[in-house]
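Spelled out, the chains give:
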Amino acid sequence: MTRKYLISLFLLLFTISFASFAQADLSKLSAGKLKKTGATLYAKGDVFGAIRHYEAFLKKKEDPAVMFLLADAYRTARNYPLAQFWFNKAYKANPKKNAKALYYYATMLKTASQYEDAAAQFKIFKKEYAGFKDSPVYLKLVKNQLASIDSSIKAQANPRQVRVTNMGNNINSPMNEYMPIYLSQTSFIYATRVFDTLNFTPQMLVPTFSTAVKYGINWLNNGDWEFKPDGETVNINHGAFSPDFQRFYFTQCSRDKKNIERCELYSSKNVFGAWQKPEKLPDFINLKGSSITQVTVGNESKKGDEVLYFVTNRPGGQGGLDIWYTIFMPKSNAWREAKNCGNKINTPADEVTPYYDVTARALYFSSNGLPGQGEMDIFKTNGELGKWTPAENMGSPINTPFDDYYFSTSPDSKEGLFASNRPGSQSAGWEGCCDDIYHVNFENVFDIPLVGRVYEVEDRDIFNIIRQNFEADDATEEIRFLPNSPVSLFIGNSNEKVFIASTKTDANGRFEFVVEPNRNYVLQFENARTGTALMPLSTQGVETPDTIFLKDYGINYISREKLFVSKNIYYEFGKYKLTPEQRQVVDTSIVALLRTAPDIVIELRSHTDNIGGEDFNMKLSQRRANEIIKYVIAQGISPSRISGKGFGFSVPIAPNNRPDGSDFPEGRAKNRRTEIRVIGTVSGAPSGGDGYDDEN
């Protein structure tokens, strides 16, 4: 339903009187003093104090620039009717100097669901602002705003089949409740921040935290939640747990001598149930001159290393507040350089309150730069690091023309929580002043089981090499279903895809995934000849959660479970250098296999008999392995595709001596062997593509 604000003179005067109640008489201050003090208060975070001083100034003097400042202060305070009034007044007072006020006037019309009027004003602004220095940024924003108006009308006419409810008086109050963080399926913590228009102190900007617990079908406040690392209470502006709940990342904020707020990112480890003293993250993350406001934690798909996604205004982004990421390298106990998540997420406006669902590999965040219904809308994208699907608006009734943010999902992904200042939220002031926490039940959203099987299709060239040069039971012409074969699931198409999940086939070659309706997917299989094989899959139009049974899929495959023993690489006692004959054997076996199957990665294993000491044989076998590797690399094979290890006489496959203790030459000959084993592929585990070299 369209909601229009009727801003009467009575409402304006009432609100001004309310804000001025019980305050010092500002009429005695000069206009210059009022303007300067208003700016100082705004910089300190006292928006309401700034509003009072700007209003008192405008009673003395009509200044279009101060009108704009007052309008922007009301917008920050989320008093949208008065922001709309003053932006319009500021623009009309000086259209040339306050051209930008027209853009924000149009956004306030859009927030009021006055879509037709908003679209008209955006189009006027587009023409009038064309020559300004920052016009490319604002023209891009206007394009998104016009798209937002179209999508908002459609979203409100076609709401999603989800249930959104206010959490009620047990959780919410007339203050600001926000930032819900699930601890389990039946508990979460959340923040409360004081709302007081008259008695501002900097401490009011720091939230307190509470715990909520579910009893039956009801959520109840379960008392305060305090974070006391090393026994000391720490003020937290925003925080997030690692997926295993063993680390807590949080931001702390302070103001410098110029009253500019700067928030920095810290972490604390949980050791035997006790949180340790927080450590500030490196300066190349907490970049000088920038601020980090919010954080969430995920992991990357290739190695499982922890990834921090954080909101910052650091330079090098798309504009405004952007979401960036950094990866923790456990081997070196260090963080990688921070990188921007890219323009599929970030815009010239603000992207805030990220939450990463590790299971679904989905990032939820809010933006006022992407097409949405009003102020902040909640969006979802799948992927990781710098590679994402296009951001998808979560739609109505999750999103409204007001602020909707701080979205998070329950451990089973069937429910969610978020904060909003939408109508119906409890309020200590005007409508829209304060946030409540809302619950989402995805009761009518279903998942679709997906089942398939993978079987072996013999590649003649590959298996001829194996049969002729190696002793291996794996070389067979029989087609069989493959156990332990990697299969990965992506969203997208063969040309542009984003990793979601991976698995391995069971003993019968069977694999399973869970997919969503109305999506396009790609299944990726490992293929010895081509590296990977892709199978497109669509769930468009699927309306029931019935299991999808895929047609059996055949791939060229070399087992990772089997060891392939070279038939013809023999050494003289104590020797490790390759003879010309041995090089020829390596050419026709190992080199030929790596060239014919260009994506496989192998491990070479060298063994000896037990003549000589243990240390002597271990070193000898390693030298033999290194010599073969050196020769293979010289033939143009990438060093990343072959590694080697010497085992000495520690892994015999035949007796070195007969039962009576006499020498057994045939057994020794079998033990003096060279083996290879496929251990992976060049492409490796699917990854979102982080843009980093593999340095860890």
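Residues numbered from 1 in each chain as written. Predicted model: local features only at pLDDT ≥ 70, side-chain atom pairs only at ≥ 80, totals over all residues. Heavy atoms only, no water.

J.: Teacher, can you tell me more about the layout of surface pockets here?
T.: It is the rolling of a water-molecule-sized probe over the atoms that shows where space remains empty. In this structure, the second largest pocket encloses a volume near 1,100 Å³. In this structure, the second largest pocket is lined by 38 residues; those nearest its centre are Lys 380, Val 445, Phe 446, Asp 447 and Glu 516. Of all elements in the fold, only β18 (377-384), β20 (392-393), β26 (486-492), β27 (497-504) and β28 (510-515) reach the threshold of two or more residues within the lining of the second largest pocket. Broken down by element, the residue count for the lining of the second largest pocket peaks at three residues, all from β28. Among the residues forming the lining of the second largest pocket, the class breakdown is 18 nonpolar, 10 polar and 10 charged. (1 Å grid on protein atoms, 1.4 Å probe; cavity = no way out; pocket = protein on both sides within 12 Å on 5 of 7 lines; lining within 4 Å. Points joined across faces, edges and corners; volume = space filled by probe spheres on them. Helix = DSSP H or I, 4+ residues; strand = E, 2+ residues; numbered from the N terminus. Nonpolar A, V, L, I, M, F, W, Y, C, P; charged D, E, K, R; others polar.)

J.: Hey, could you run me through the state of the cysteines in this one?
T.: One pass over the structure, following the stated rule, counts two disulfides. Note on cysteine connectivity: Cys 253 is disulfide-linked to Cys 263, with sulfurs 2.0 Å apart. Taking the sign of the S-S torsion, 105° for the link of Cys 253 and Cys 263, the bridge is right-handed. One end of the pair, Cys 253, is in strand β7 (residues 247-255); the other, Cys 263, is in strand β8 (residues 261-271), and 10 residues separate them in sequence. Its relative accessible area of 3% is what places Cys 263 among the buried residues. Each sulfur in the disulfide pair Cys 433 and Cys 434 lies 2.5 Å from the other. Here the disulfide of Cys 433 and Cys 434 is left-handed, its torsion about the S-S bond being about -90°. On the basis of relative accessibility, which here comes to 2%, the residue Cys 434 falls in the buried class. Counting only the cysteines that form disulfides, in the order they appear in the chain, gives the pairing 1-2, 3-4. Here Cys 341 stays unpaired: no disulfide links it, and the sulfur of Cys 263, its closest cysteine neighbor, is 19 Å away. (Disulfide = S-S within 2.5 Å. Buried < 20%, exposed > 50% of the residue type's maximum accessible area, 1.4 Å probe, protein only.)

J.: What should I look at first to understand the packing of aromatic side chains in this one?
T.: Scanning the entire structure with this criterion turns up 46 aromatic pairs. Relative to Phe 481, the ring of Tyr 455 lies with its centre 6.2 Å away and its plane at 80°, an arrangement referred to as edge-to-face. Residue Tyr 455 is found in strand β24 (residues 448-456), and its partner Phe 481 is found in the loop between β25 (470-471) and β26; the two are separated by 26 residues along the sequence. Exposure remark for Phe 481: the relative accessible area of 31% places this residue in the partly exposed category. Considering the side-chain rings of Phe 511 and Phe 525, the 5.9 Å spacing of their centres and the 70° angle between planes classify their relative orientation as edge-to-face. Of this pair, Phe 511 sits in strand β28 while Phe 525 sits in strand β29 (residues 520-527), and the two are 14 residues apart along the sequence. Phe 525 matches Phe 511 in its accessibility class, with the two residues each being buried. Arg 453 extends its terminal NZ or CZ atom over the ring of Phe 481, reaching a point 4.0 Å from the ring centre. One cation-aromatic arrangement involves Lys 497 over Phe 490; the distance from NZ or CZ to the ring centre is 5.2 Å. (Phe/Tyr/Trp six-rings, centres within 6.5 Å; stacked < 30°, edge-to-face > 60°. Lys NZ or Arg CZ within 6 Å of the ring centre and 35° of its normal.)

J.: Where do I start with the sheet that holds strand β36 (residues 674-681) in this structure?
T.: Backbone hydrogen bonds hold the strands of a sheet together, and the pairing may be parallel or antiparallel. Ordered in space as β25-β33-β36-β34-β35, the five strands form an open sheet in which the pairing is mixed. Where the open sheet ends on each side, the last strands, each with one partner, are β25 and β35 (642-646). Along the sheet face, helix α11 (residues 614-634) touches β34 (600-606), β35 and β36 and points at about 165° away from the line of β35. (Pairing = 2+ DSSP bridges. Contact = heavy atoms within 4.5 Å. Axes fitted to C-alpha atoms, helices over the stretch in contact; angles between N-to-C directions.)

J.: Sorry, what's going on with the confidence of the model for the chain here?
T.: One rule of thumb: low pLDDT means the predicted coordinates there are not for detailed reading. Averaged over all residues, the pLDDT of the chain is 86; the fraction at 70 or higher stands at 91%. At the level of individual helices and strands, the chain shows its lowest average pLDDT in helix α1 (residues 9-20), which scores 35, and its highest in strand β12 (residues 306-312), which scores 97. Predicted confidence is poor over residues 685-696, with pLDDT under 50, and the contacts of this stretch with residues over four places away or in other chains come to 42 contacts. (pLDDT = per-residue confidence, 0-100.)

J.: I keep staring at helix α5 (residues 80-93) and nothing clicks. Help me out?
T.: Quick reminder: α-helices carry 3.6 residues per turn. Residues three or four places apart thus point the same way. Compared with an ideal rise of 1.5 Å per residue, which puts 14 residues at 20 Å, α5 spans 20 Å between its outermost C-alpha atoms and is within 8% of the ideal. Burial of α5 is extensive: 10 of the 14 residues sit out of reach of the surface. (Expected span 1.5 Å × (residues − 1).)

J.: Would you explain the sheet that holds strand β22 (residues 415-420) in this entry?
T.: Here we have four strands laid out as an open sheet, ordered β1-β23-β22-β21, and antiparallel in their pairing. Unpaired on one side and paired on the other, β1 (163-166) and β21 (404-409) mark the two borders of the sheet. Direction aside, neighbouring strands of the sheet carry axes that sit 25° apart on average. Pairing between β21 and β22: four bridges, direction antiparallel. Looking across to β22, one finds that Asp 404 is bridged to Ser 420.

J.: Explanation requested: the environment of Gly 131 in the structure shown.
T.: Along the polypeptide, Gly 131 turns up in the loop between α7 (115-128) and α8 (135-157). By relative accessible area, which is 74% here, Gly 131 ends up exposed.

J.: Before we go on, may I ask you to explain empty space enclosed by the protein in this structure?
T.: In the structure shown here, the tally under the stated rule is two cavities of 30 Å³ or more. Lining the largest cavity we find Glu 526, Asn 527, Ala 528, Gly 531, Asn 556, Tyr 557, Ile 558, Arg 560, Ile 600, Val 678, Gly 680 and Thr 681. Of all the elements in the fold, those that place two or more residues in the lining of the largest cavity are β29 and β36. Ranked by the residues each element gives to the lining of the largest cavity, the list is headed by β36, at three residues. Taken together, the residues of the lining of the largest cavity break down into five nonpolar, five polar and two charged.

J.: Any chance you could explain the nonpolar core here in plain terms?
T.: Across soluble globular proteins, nonpolar side chains show a tendency to be buried alongside one another. Ile 51, Phe 87 and Tyr 103 are the most contacted members of the largest nonpolar core, which has 50 residues in total. Secondary-structure elements contributing two or more residues to this core are α2 (31-44), α3 (47-60), α4 (64-76), α5, α6 (99-111), α7 and α8. Looking at this core, the element that brings in the most residues is α6, giving nine residues. Beyond its immediate chain neighbours, meaning those up to four positions away, Tyr 103 contacts Phe 122, Phe 125, Tyr 138, Leu 141, Val 142 and Gln 145. The next biggest cluster of nonpolar side chains, apart from the first, holds 35 residues, and it includes Cys 341, Leu 363, Leu 370 and Met 376. (Core = buried A, V, L, I, M, F, W, Y, C linked by side-chain atoms within 4.5 Å.)

J.: Hey, could you run me through unusual backbone geometry in this one?
T.: Peptide bonds are, in most cases, trans, and in most cases residues other than glycine have a negative phi. The residue after Ser 396, namely Pro 397, is reached through a cis peptide bond having omega 10°. If you trace the backbone, Pro 397 turns up in the loop between β20 and β21. In the Ramachandran plot, Met 179 falls in the positive-phi region, its phi being about 55° despite a non-glycine side chain. Here Met 179 shows up in strand β2 (residues 176-184). Even without a glycine there, the phi angle at Arg 361 is positive, about 50°. Within the secondary structure layout, Arg 361 lies in the loop between β16 (351-357) and β17 (362-367).

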